[in-house]
Amino acid sequence: MMDSIEKSNIVFLATTNKEDDPNVVPIGLARPLDNETVLLVANFMKKTYENLKENPKAAIVVADVTKCPYQFKGNVEIHESGKYFDDAVEWAKSVMAQLNPKGAVLLKVDEIYSVQPGPDAGKKIE
Ligand SMILES: Cc1cc2nc3c(=O)[nH]c(=O)nc-3n(C[C@H](O)[C@H](O)[C@H](O)COP(=O)(O)O)c2cc1C
């Protein structure tokens, strides 16, 4: 399931602030680090980044849901220095040299739901 995040070129990242106002953005630099962690690189995030600092929870779906019909939810850690941040900077610069990430956002996935249309829609997988 996590592999398909890597194969998708875009994921949609949903966040909320403390007042529960929802926000969703497309993110290109997202890839799984292991079976329960997704790295998202904060390059241009504004409301998203503020939201994650206020309320460190997020949900993602990949753009190509036909290949990966799942919703991943969990808590978020923001790293603005250290190994995760350095890895995020290296990755971003390998994609586009002008990028200057402000943070590495780690989504620690603790729930996965199916979004497959049909009887399993909304069912908790893990
Ligand atoms: C195709 C595409 C890929 C994007 N990839 C990223 C990304 O990897 N990292 C990032 O911080 N913003 C990325 N953005 C920008 C965000 O989608 C969004 O514009 C930014 O977070 C500002 O919105 P916000 O204020 O709601 O956070 C991407 C936008 C598009 C259209």
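Look above for the structure.
Since we're looking at a predicted model, the values are computed, not measured. Residues take numbers from 1 onward in each chain, read along the sequence in its written order. It should be noted that, the model being predicted, local features are given only for residues of pLDDT at least 70 and side-chain atom pairs only at 80 or more, the latter also being counted only at that level, while totals for whole chains, interfaces and linings use all residues.

Visitor: Please explain the nonpolar core as it appears in this structure.
Guide: Put simply, a nonpolar core is a cluster of buried Ala, Val, Leu, Ile, Met, Phe, Trp, Tyr and Cys residues tied together by C-beta atoms within 7 Å. Every C-beta atom is placed from the backbone, and the number of other C-beta atoms within 10 Å of a residue's own sets its class: buried at 20 or more, exposed at 12 or fewer, partly exposed in between. Val11, Ala30, Val38, Leu40, Val41, Ile60 and Leu107 are the most contacted members of the largest nonpolar core, which totals 26 residues. Put simply, the parts of the chain that give this core at least two residues each are β1 (11-16), β4 (37-42), β5 (57-62), β6 (70-79), α3 (83-95) and β7 (103-114). For every residue pair, C-beta atoms are placed from the backbone, and the pair is scored as a contact if these atoms sit within 7 Å. Ignoring any residue separated from it by four or fewer positions in sequence, one finds valine 41 in contact with Leu29, Ala88, Trp91, Ala92, Pro101 and Ala104. Counting from the N terminus, the helices are the DSSP runs of H or I reaching at least four residues and the strands are the DSSP runs of E reaching at least two.

Visitor: Just to check I follow, could you spell out the site of the ligand for this structure?
Guide: If you check the shell around the ligand, you find 15 residues, and the closest are Gly28, Leu29, Lys46, Lys47 and Thr48. Counting residues per element, the ones that place at least two in the shell around the ligand are β2 (22-27), β4 and α2 (47-54). For the shell around the ligand, the leading source of residues is β2, giving four residues. Taken together, the residues of the shell around the ligand break down into nine nonpolar, four polar and two charged. Throughout this description, a residue near a molecule or strand is one whose C-beta atom, derived from the backbone, lies within 6 Å of it. Side-chain classes follow a simple rule in which Ala, Val, Leu, Ile, Met, Phe, Trp, Tyr, Cys and Pro form the nonpolar group, Asp, Glu, Lys and Arg form the charged group, and the remainder, Gly included, forms the polar group.

Visitor: Sorry if this is basic, but what is going on with the pairing of β1 here?
Guide: Side chains of β1 alternate between two faces, with Val11, Leu13 and Thr15 buried and Phe12, Ala14 and Thr16 left unburied. The pairing criterion is simple: DSSP has to find at least two bridges between the two strands. Pairing of β1 with β2, which is carried by six bridges, proceeds in the antiparallel orientation. By the bridge assignment for β2, threonine 16 is matched with proline 22. Between β1 and β2, which pair antiparallel in sequence order, lie five residues; one of them, aspartate 20, sits at a positive phi of approximately 70 degrees. Both β1 and β5 contribute to a ladder of four bridges, which runs antiparallel. By the bridge assignment for β5, leucine 13 is matched with isoleucine 60.

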